[in-house]
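Observations on the model geometry
Residue strings, one per chain:
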Amino acid sequence: MSTPSVQFPVTWAPRRTRAVLLPVCVLMVVLFSVMAVLLPENWQLNDRIMMTASGVLFAAVGLMLARPKVSADAEGVTVVNFVRRRRLAWAEIVRVNFRQGDPWATLDLADGTSLAAVGIQSGVGKDQAIADARALRDLVEHHAQA
């Protein structure tokens, strides 16, 4: 197998999703804060605080949804999903799977478990997701032979 021509580090992430979610998160905080200020006078301070906190909570959920990415460097792969981040050495990854109908790629690990790699997802475009999964698979296969 030939060496993949990749310039490390390489990152796969749903960029369009982030491009939409990040401004929406800012808008949510601003919108809920303005609503808190414009509430009728009979609303109390704690109601206004909770209105602003609701905007911050919705924005936090949006930021969580914008987190997923998969990064590879010479030593291994870092998978950042919605809540967790996990660092894997190349030897820990047995196979990269992205079957038809899967929402995102999964990594089969040497310990018998699998790990979702949400940063490579079909929601951003099937062809792009397939190409990204193949690129990661090629890197995994290359490092398995090294």
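Above: the structure in question.
A short tour of the structure in this document, coming up. (Residues numbered from 1 in each chain as written. Predicted model: local features only at pLDDT ≥ 70, side-chain atom pairs only at ≥ 80, totals over all residues. Heavy atoms only, no water.)

So, the sheet that holds strand E5 (residues 93-97)
By way of backbone hydrogen bonds, the strands of a sheet pair with one another, either parallel or antiparallel. Heads up, the condition is: When DSSP finds two or more bridges between a pair of strands, those strands are recorded as paired. Where helices and strands are cited, they refer to DSSP runs of H or I of at least four residues and of E of at least two residues respectively, numbered from the N terminus. All axes here are fitted lines through C-alpha atoms, helices being fitted over the stretch that makes contact, and every angle between N-to-C directions spans 0 to 180 degrees. Contact between two residues is taken to exist if any of their heavy atoms lie within 4.5 Å; hydrogens are not considered.
Spatially, 3 strands are ordered E5-E6-E7 in an open sheet, and the strand pairing comes out antiparallel. Two strands lie at the open edges of the sheet, namely E5 and strand E7 (114-121), each paired on one side alone. Each strand axis lies, on average, 25° off the axis of its neighbour in the sheet, ignoring direction. The sheet strands contacting helix H3 (residues 126-145) are E5, strand E6 (104-109) and E7, and the helix crosses E5 at an angle near 165°.

Looking at unusual backbone geometry
With omega at -5°, the peptide bond leading from Phe-8 into Pro-9 counts as cis. Relative to the helices and strands, Pro-9 resides in the segment before strand E1 (10-12).

Concerning the pairing of E6
Worth spelling out the cut-off: Throughout, exposure labels follow a simple rule: accessible area from a 1.4 Å probe, protein chains only, divided by the maximum for the residue type, with under 20% read as buried, over 50% as exposed, and the rest as partly exposed.
Of all 6 residues that make up E6, 5 are buried, and the element is covered over most of its length. Here E5 runs beside E6; their pairing, made up of 4 bridges, is antiparallel. Within E6, the position partnered with Val-96 by the bridge is Leu-107. A loop of 6 residues connects E5 with E6, the two strands running antiparallel in sequence, and Gly-101 in this loop sits at a positive phi of about 90°. In the sheet, E6 pairs with E7 via 5 bridges, with the strands oriented antiparallel. Among the inter-strand pairings, Asp-108 is bridged to a residue of E7, identified as Ser-114. Between E6 and E7, which pair antiparallel one after the other, the connecting turn spans 4 residues, and Gly-112 there sits at a positive phi close to 90°.

Brief notes about the packing of aromatic side chains
Quick note on the threshold: Two aromatic rings from Phe, Tyr or Trp, using only the six-membered ring of Trp, form a pair when their centres are within 6.5 Å; if the ring planes differ by under 30 degrees the pair is stacked, by over 60 it is edge-to-face, and anything between is tilted.
In total, this model carries 2 aromatic pairs according to the counting rule given. Plain terms: the ring middles of Phe-82 and Trp-104 are 6.3 Å apart, the flat faces sit at 75° to each other, and that makes the pair edge-to-face. Taken together, the residues Phe-82 in the loop between strand E3 (76-80) and strand E4 (85-89) and Trp-104 in strand E6 connect sequence positions 22 residues apart. For Phe-82, a relative accessible area of 28% corresponds to the partly exposed category. For Trp-104, a relative accessible area of 29% gives the class partly exposed.

Examining helix H2 (residues 45-65)
Our working definition: One less than the number of residues in a helix, times 1.5 Å, gives the span that helix is expected to have. Along the arc lie the directions from the helix axis toward the C-beta atoms.
Between its first and last C-alpha atoms H2 spans 31 Å; for 21 residues at 1.5 Å apiece the expected length is 30 Å, and the two agree. When H2 is considered as a whole, its buried residues turn out to be Arg-48, Met-51, Gly-55, Ala-59 and Gly-62. Down the axis of H2, the sector holding all buried residues measures 70°, keeping them to one side. Among the exposed residues of H2, those pointing more than 90 degrees away from its buried face are Leu-45, Met-50 and Leu-57.

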